[in-house]
Amino acid sequence: MAASEGPLKGVKVLDLSRILAGPTCTQLLGDLGATVIKIENPATGGDDTRQWGPPYVEDAEGNRSDLSAYFMSTNRNKKSVAIDIATAEGQAAIKRLASHADILIENFKPGGLAKYGLDYASLAQELPGLVYCSISGYGQTGPNSSKPGYDLMAQGYGGIMSLTGDPDGAPMKVGVGIADVMCGMYATVGILAALRHRDQTGEGQQIDLALVDAQVAWLINEGVNYLTSGQVPQRRGNGHPNIVPYDVYETADGHVILAVGNDGQFRRFCDFIEHPELADDPRFATNPARLENRDALNAVLRPAVQAYNMATVIAELETRKVPVGPVQTMDQVFATDQVAARQMQIAMQAGPGEVHLIGNPLKLSRTPVTYRTAPPEFGADTQAVLNAAKPFED
């Protein structure tokens with residue numbers, strides 16, 4: 001396989017999903033070389049996120065396109081096909097496309113596609129090798145299966161908001177739709193596993209993925225902390241439940257992150273802030289002791305760190321091999337030489353003009369990701385796809 005083709009070259013994905021979780025998954029599959037046909041509803045002007053702006057891409061004359069920044073974040077390497085699945089013609093078109101596909105992904109309410117004959121049970125009768133991924137708020141089963149699910153609701157129901165925010169403030173969501181994004185990641189893993197099984201046995205299957213299940217799964221150590229101790233975790237702002245000091249600290253001109261993971265690092269940190277006695281104080285000499293005396297320790301550390309500027313803290317602690325880093329704004333992030341070196345900002349040519357996107361973090365040595373097509377304008381590929389004998393061919 002040529003490196004430029006991508007490891008999923010030849011895999012065909014029919015994408016009936018919208019918003020963020022499903023499109024995150026299908027963009028990742030597309031970056032890895034799969035051909036993705038995105039189905040959009042002509043009655044609504046396509047994926048809801050096309051209207052989730054500003055900002056939008058504008059053409060040379062300043063006219064606004066339907067490419068919102070939100071939409072573009074998860075929809076490159078896809079063809080946009082406008083089909084109304086509520087019509088008999090639309091249902092027939094979807095079934096024809098599904099007959100050519102390896103994967104179908106959808107995020108309708110459980111049972112929502114059955115009335116169109118596009119649910120897994122209906123399609124699997126004629127397409128037993130189809131990998132069919134269903135994403136919903138609460139899953140295809142359980143007492144809440146009929147309820148709608150959105151990222152914010154999943155963050156609330158799944159517990160992450162109870163851990164996020166200032167200890168004395170209100171529960172706080174993560175700044176981006178992380179429940180949706182992580183759900184899309186789990187969907188990608190499940191699809192690739194199901195493809196492996198299909199290639200070995202010829203059997204397709206349905207992947208039932210719930211936004212809330214995914215959210216609960218990535219409670220990770222805090223979830224297992226609770227299951228082990230029976231104690232409900234408390235919000236700690238930027239503090240870590242199991243490591244001290246591991247937090248954001250104010251400097252004279254900004255904020256830094258300190259992640260002191262062991263006692264040796266703590267001693268070297270204390271040497272820098274000119275409080276070497278802290279490393280021998282029984283209250284702080286070990287991580288369990290520091291956890292027990294978190295507030296007393298921070299009462300010393302915070303004013304000590306604030307006496308230095310950010311650059312000095314970072315330079316001096318890096319020299320001492322103490323984990324440290326800046327808290328950066330978006331303009332600072334995308335101006336770094338690290339982002340440039342890792343190609344985490346890319347430019348592509350879309351219909352209205354050049355667009356700037358976030359790159360894929362996967363770095364595969366033999367089959368790298370590819371950026372073949374920019375996020376499409378609504379319905380841009382409808383006729384080409386529907387008139388083609390082999391609709392998934394580029």
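These lines cover the structure that appears in this document, whether it is placed above or below. Predicted model only: the values in this text are computed from it and were never measured. (Residues numbered from 1 in each chain as written. Predicted model: local features only at pLDDT ≥ 70, side-chain atom pairs only at ≥ 80, totals over all residues. Heavy atoms only, no water.)

When helices and strands are tallied, the protein chain shows 16 helices and 13 strands. By principal-axis analysis of the C-alpha atoms, the protein chain measures approximately 75 × 50 × 40 Å. Across the 394 residues of the protein chain, 46% fall into the buried class. Here the contacts in the protein chain between residues at least 6 apart in sequence split such that 69% fall between residues at least 24 apart. As displayed, the protein chain has an accessible area near 19,600 Å², and 54% of this comes from carbon and sulfur atoms. Distance between charge centres in the protein chain, computed from 32 positive and 45 negative side chains, equals 5 Å. (Helix = DSSP H or I, 4+ residues; strand = E, 2+ residues; numbered from the N terminus. Buried < 20%, exposed > 50% of the residue type's maximum accessible area, 1.4 Å probe, protein only. Contact = heavy atoms within 4.5 Å. Areas by Shrake-Rupley, 256 points an atom, 1.4 Å probe, with all protein chains shown as cover. Lys, Arg positive; Asp, Glu negative; His and termini not counted. Charge placed at Lys NZ, Arg CZ, Asp CG, Glu CD.)

A separate point is the layout of surface pockets. The computed volume of the largest pocket comes to approximately 1,200 Å³. Listing elements by their share of the lining of the largest pocket, those giving two or more residues are helix H1 (21-31), helix H2 (69-72), helix H7 (178-201), helix H14 (330-333) and strand S13 (354-358). Along the lines of polarity and charge, the residues of the lining of the largest pocket split into 19 nonpolar, nine polar and two charged. (1 Å grid on protein atoms, 1.4 Å probe; cavity = no way out; pocket = protein on both sides within 12 Å on 5 of 7 lines; lining within 4 Å. Points joined across faces, edges and corners; volume = space filled by probe spheres on them. Nonpolar A, V, L, I, M, F, W, Y, C, P; charged D, E, K, R; others polar.)

Next up on the list: the pattern of salt bridges. Enumeration over the complete set of coordinates arrives at 16 salt bridges. With a shortest N-O distance of 2.9 Å, Lys 38 and Asp 47 are connected by a salt bridge. Take Lys 38 and Asp 47: they sit in the same class, and that class is buried. In this structure, Asp 66 engages Arg 50 in a salt bridge whose closest nitrogen and oxygen atoms are separated by 3.2 Å. In this pair, Asp 66 is assigned in strand S4 (residues 64-68) and Arg 50 in the loop between strand S2 (35-40) and strand S3 (56-58), connecting sequence segments 16 residues apart. Through salt bridges with shared partners, a single network forms among Lys 12, Asp 102, Arg 198 and Asp 199. (Salt bridge = Lys/Arg side-chain N within 4 Å of Asp/Glu carboxyl O.)

The next thing to look at is the nonpolar core. Among the nonpolar cores identified, the biggest contains 29 residues, and Val 13, Leu 29, Ile 103, Ile 135 and Ile 191 are the most heavily contacted of them. Looking at this core, the elements that each hand over two or more residues are H1, strand S6 (103-106), strand S7 (131-136), H7, strand S8 (205-210) and helix H8 (211-217). The biggest single contributor to this core is H7, with six residues. Beyond its immediate sequence surroundings of up to four residues, Ile 191 is in contact with Cys 25, Leu 29, Ile 103, Ile 105, Val 131, Cys 133 and Ile 207. Counting residues in each nonpolar core, the second largest holds 25 residues, with Leu 14, Phe 108, Leu 118 and Ala 124 among its members. (Core = buried A, V, L, I, M, F, W, Y, C linked by side-chain atoms within 4.5 Å.)

As a further point, take a nonpolar patch on the surface. A surface patch of nonpolar side chains, about 420 Å² in accessible area, is lined by Val 224, Tyr 226, Leu 227 and Val 232. With respect to the helices and strands, Val 224 occurs in helix H9 (residues 220-229). (Patch = residues over 30% accessible without salt bridge, like charges linked within 9 Å, V, L, I, M, F, W, Y side chains within 5 Å.)

Another point: H1. Two residues of an α-helix separated by three or four positions point the same way, owing to the 3.6 residues in each turn. The element H1 is extensively covered by neighbouring structure, given that eleven of its eleven residues are classed as buried. For H1, the set of buried residues is Ala 21, Gly 22, Pro 23, Thr 24, Cys 25, Thr 26, Gln 27, Leu 28, Leu 29, Gly 30 and Asp 31. Directly beyond the C-terminal end of H1, a positive phi value near 115° is found at Gly 33.

Overall, antiparallel pairing links the three strands, which are arranged S9-S10-S11 in an open sheet. Every other strand in the sheet has two partners, leaving strand S9 (246-250) and strand S11 (324-326) as the edge strands with one partner each. Taken over all neighbouring pairs, the strand axes of this sheet differ in orientation by 25° on average, direction set aside. Where S9 and strand S10 (residues 255-259) come together, five bridges link them in antiparallel fashion. Across the sheet, the residue bridging to Asp 247 is Leu 258, located in S10. Along the sheet, helix H13 (residues 310-319) contacts S10 and S11; its crossing angle with S11, the most-contacted strand, is approximately 150°. (Pairing = 2+ DSSP bridges. Axes fitted to C-alpha atoms, helices over the stretch in contact; angles between N-to-C directions.)

Another point: the sheet that holds strand S5 (residues 79-82). Pairing in this open sheet of six strands is parallel, and the strands run S5-S2-S1-S6-S7-S8 from one edge to the other. The sheet is open, and its two borders are formed by S5 and S8, each paired with just one other strand. When the angles between neighbouring strand axes are averaged without regard to direction, this sheet yields 20°. Across four bridges, S2 lies against S5 in parallel orientation. Along S5, the bridge assignment pairs Glu 40 with Ala 82. Those strands touched by H7 are S6, S7 and S8, and its axis lies near 165° from that of S8.

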